[in-house]
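Take a look at the letters that make up each chain.
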Amino acid sequence: MSRPTRKPQIPNFSSGPCAKRPGYDVARLDLSALGRSHRSSLGKQLLGAACSETARILGLPAGYRVGIVPASDTGAVEMVLWSMLGARGVDMLAWESFGAGWVTDVVKQLKLKDVTRHEAGYGELPDLSKVNFANDVVFTWNGTTSGVRVPDGDWIADDRAGLTICDATSAVFAMALPWHKLDVVTYSWQKVLGGEGAHGMLILSPRAVERLESYSPPWPLPKIFRMTSGGKLSEGIFQGDTINTPSMLCVADYLDALAWCERVGGVPGTIARSTANLKAIEDFVAAHPWISFLARRPETRSNTSVCLSLDLPAEQVKALVKLLEKEGVAYDIGSYKDAPPGIRIWCGATVETADVQALLPWLAWAYEQVKA
C-alpha cells in the first residue's frame, strides 16, 4: 500500500501518562495556589474541591469518601492492602502484571496465610464464579497491561461479608462502575482524564471505613499509609487535608480535567468517547487478519488500554513500533514489558476518535514495511 498522508493531530497513545484533553493549554490553568501552602485556606479549598467534584461527577453513593493520597494508584492500593487486609481471608484475582503485583505484596510482603489465588494468563479472565465473598476480594477492574476487563459487576455479591477492593485506575471515567458493589476503589489522575502523575485517588464506602475503625493490622504502618487516628478515620484526608505535600500545579491540572469531563457530558460522555475509539479499532481488526485483540472475548475487551497481537515475531513488532514513532504518528504504543509482544493503543476519553482513525492506515502501512 502507498504511504498514508494524513497523520493524527495528537500522536500520543501512551497508557500513562496519557494524552492531555483536547484543547489543553497549561497557561489556562488556575494557578492561584502556586507558591502557596497546601495547608492554606486556598490550598485546602482546591484540594477539597478535587475530592468533592470527583464524588459529584462520578455520582458516588451517599457516605462514600474521596481522598487524595501519595504515590499514584500504586500508593493508593498499597495503603489499602497494608491497612485493611488480615481481618479475614482474602481472594486475589490476577490476569496481568499489576494484579500479579498485588498478589506478590499480599503473599510475600504481608505474608498472609489465608489467601486464595484466582489467576489467568494474558488475554483471559479467571473463573469469577469461584470467588468467595466471605473473604476480602482484591482485583483490577481493567487489566492495563493485558487489555482485559471484567465485563460487568454482576459477579460481585450484594450480600458479601468481605470487602471488595478494586484497582480501577484505567477504568474510572471510561467504564460504568457499580459503586454499591465496590467498597474500595483506587485510581490515578494520569489515566482517563489525562491528568498529571504522582497522586493517587482513594474512594471508600462506609463498609471500608468501618473496617479501618474496627481493625488494626498486626504490622507497623508507615506514616503515609495511616488513615486513622485514635481508632477513628482521619476525615481530613477526605476533605483536602492530605497526608503529604501535593503538587498544587497538578491539582489545578486535575480540576481542569474534571471541568472538561463535565463539558463533554460527564461520565456518560467520557465513556462514549472511549467506546468510539475502541469501535474504530474493532472495525480495523475485523478487516485485517494479521492483527487481533489480546482479549479473547469481545465482552472483556478494554476500551482504554487496547492490547493487540500481530502475526509478526517480537523483533519485527519492535521495528513497527519504532517506525511509527519515527514517522510521528504514534508514540509509546509498544506492549508492556511483561506482556506478550504486541502493541497497546490508549483509547481513553482524551484521545480523539479522528486521531485513532488516522493512525490505523499507518499501522497497516508499517506492518507491510516490516513484513517485507
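Above this text sits the structure in question.
Residues numbered from 1 in each chain as written. Predicted model: local features only at pLDDT ≥ 70, side-chain atom pairs only at ≥ 80, totals over all residues. Heavy atoms only, no water.

K.L.:
Please clarify how the overall build of the protein chain should be interpreted in this entry.
P.N.:
Each helix and strand in the protein chain was counted, giving 8 helices and 14 strands. Over its C-alpha trace the protein chain gives a radius of gyration of 21 Å, about what one expects of a compact globule, namely 21 Å for 372 residues. Along the longest, intermediate and shortest principal axes, the C-alpha atoms of the protein chain span 70 × 50 × 30 Å. Here the protein chain holds 372 residues, and the buried ones make up 57% of them. (Helix = DSSP H or I, 4+ residues; strand = E, 2+ residues; numbered from the N terminus. Rg over C-alpha atoms; globule rule 2.2 N^0.38 Å. Buried < 20%, exposed > 50% of the residue type's maximum accessible area, 1.4 Å probe, protein only.)

K.L.:
What should I look at first to understand the layout of surface pockets in this one?
P.N.:
Leftover empty space is mapped by rolling, across the atoms, a probe with the size of a water molecule. Approximately 320 Å³ is the volume found for the largest pocket. Forming the boundary of the largest pocket are 22 residues, of which S15, F98, T144, K191 and R344 lie nearest the centre. Of all elements in the fold, only α2 (72–84) and α3 (97–109) reach the threshold of two or more residues within the lining of the largest pocket. Per-element tally for the lining of the largest pocket: the top contributor is α2, with 3 residues. Each residue belonging to the lining of the largest pocket can be placed in one class, and the counts come to 3 nonpolar, 13 polar and 6 charged. (1 Å grid on protein atoms, 1.4 Å probe; cavity = no way out; pocket = protein on both sides within 12 Å on 5 of 7 lines; lining within 4 Å. Points joined across faces, edges and corners; volume = space filled by probe spheres on them. Nonpolar A, V, L, I, M, F, W, Y, C, P; charged D, E, K, R; others polar.)

K.L.:
It is not clear to me how the sheet that holds strand β2 (residues 90–94) should be interpreted in this structure. Could you clarify?
P.N.:
Pairing between the strands of a sheet comes from backbone hydrogen bonds, and it takes one of two forms, parallel or antiparallel. Read across the sheet, 7 strands follow the order β1-β9-β8-β7-β4-β2-β3 without closing on themselves; strand pairing throughout is mixed. The open sheet has two edge strands with one neighbour each: β1 (65–70) and β3 (115–119). Within the sheet, the average angular offset between the axes of one strand and its neighbour, ignoring direction, is 20°. Inspection of the sheet shows strand β7 (residues 164–167) paired to strand β8 (residues 184–188) by 3 bridges, in the parallel sense. Paired with I165 across the bridge in β8 is V184. In this fold helix α4 (residues 206–214) packs onto β1, β4 (136–140), β8 and β9 (199–204), with an angle of close to 95° to the strand it touches most, β9. (Pairing = 2+ DSSP bridges. Axes fitted to C-alpha atoms, helices over the stretch in contact; angles between N-to-C directions. Contact = heavy atoms within 4.5 Å.)

K.L.:
Mind showing me how you'd approach the pairing of β4 here?
P.N.:
Regular strands show a simple pattern: their side chains alternate between the two faces of the sheet. The buried fraction of β4 is high, at 5 of 5 residues. Alternating positions in β4 separate into two faces, D136, V138 and T140 on one and V137 and F139 on the other, with burial throughout. Examined bridge by bridge, β2 and β4 share 3 bridges and lie parallel to one another. Bridge pairing in β4 links D91 to V137.

K.L.:
Can you help me understand the side chain of D253 in this one?
P.N.:
Within the fold, D253 resides in helix α5 (residues 248–263). Overall, the relative accessible area of 3% leaves D253 in the buried class. One polar contact links D253 to K20, side chain to side chain, over a distance of 2.9 Å. In contact with D253, not counting residues within four places along its chain, are K20, Y24, L29, G194, G195 and E196. (Polar contact = N/O pair within 3.5 Å; in protein donor to acceptor, adjacent residues only side chain to side chain.)

K.L.:
Can you walk me through the pattern of salt bridges in this structure?
P.N.:
Close approach of charged atoms lets side chains of opposite charge pair. Evaluation of the coordinates by the stated rule reveals 21 salt bridges. Where D253 meets K20, a salt bridge forms, and the shortest distance between an N and an O atom there is 2.9 Å. Of this pair, D253 sits in helix α5 while K20 sits in the segment before α1 (41–58), placing them 233 residues apart in sequence. Look at K20 and you get partly exposed, because its relative accessible area is 23%. Three or more residues are tied together by salt bridges with common partners; here these are K20, E196 and D253. (Salt bridge = Lys/Arg side-chain N within 4 Å of Asp/Glu carboxyl O.)

K.L.:
Sorry if this is basic, but what is going on with the packing of α5 against helix α6 (residues 266–287) here?
P.N.:
A pair of packed helices is characterised by two quantities: the angle between their axes and the separation of those axes. The contact between α5 and α6 brings their axes to 7 Å, and the two run at 85°. On the basis of the axis angle, α5 is roughly perpendicular to α6. Mapping the contact onto sequence places W260, C261 and E262 in α5 and G266, V267, T270 and R273 in α6. When the residues that make up the contact of α5 with α6 are grouped by side-chain class, the tally is 3 nonpolar, 2 polar and 2 charged. (Parallel < 35°, antiparallel > 145°, perpendicular 65-115°, else oblique.)

K.L.:
How do you make sense of the side chain of T350 when you look at a structure like this?
P.N.:
With respect to the helices and strands, the residue T350 is situated in the loop between β14 (343–346) and α8 (353–371). With relative accessibility at 3%, the residue T350 sits in the buried group. Polar contacts involving the side chain of T350 include one to the main-chain carbonyl oxygen of A19, which spans 2.7 Å. Beyond its immediate stretch of four places on either side in the chain, T350 contacts A19, K20, R21, P22, V192, L193, G194 and W260.

K.L.:
What should I look at first to understand a nonpolar patch on the surface in this one?
P.N.:
Judged by side-chain polarity, V26, L31, L34 and L249 come together as a nonpolar surface patch covering roughly 300 Å² of accessible area. Within the element layout of this structure, V26 appears in the segment before α1. (Patch = residues over 30% accessible without salt bridge, like charges linked within 9 Å, V, L, I, M, F, W, Y side chains within 5 Å. Areas by Shrake-Rupley, 256 points an atom, 1.4 Å probe, with all protein chains shown as cover.)

K.L.:
Which parts of the structure should I look at to understand unusual backbone geometry?
P.N.:
Omega for the bond connecting G16 with P17 falls within 30 degrees of zero, at -5°, which places this linkage in the cis form. Here P17 is to be found in the segment before α1. For S72, which is not a glycine, the phi torsion comes out positive at approximately 60°. For S72, the position within the fold is in helix α2. S72 gets classed as buried once you look at its relative accessible area, which sits at 13%.

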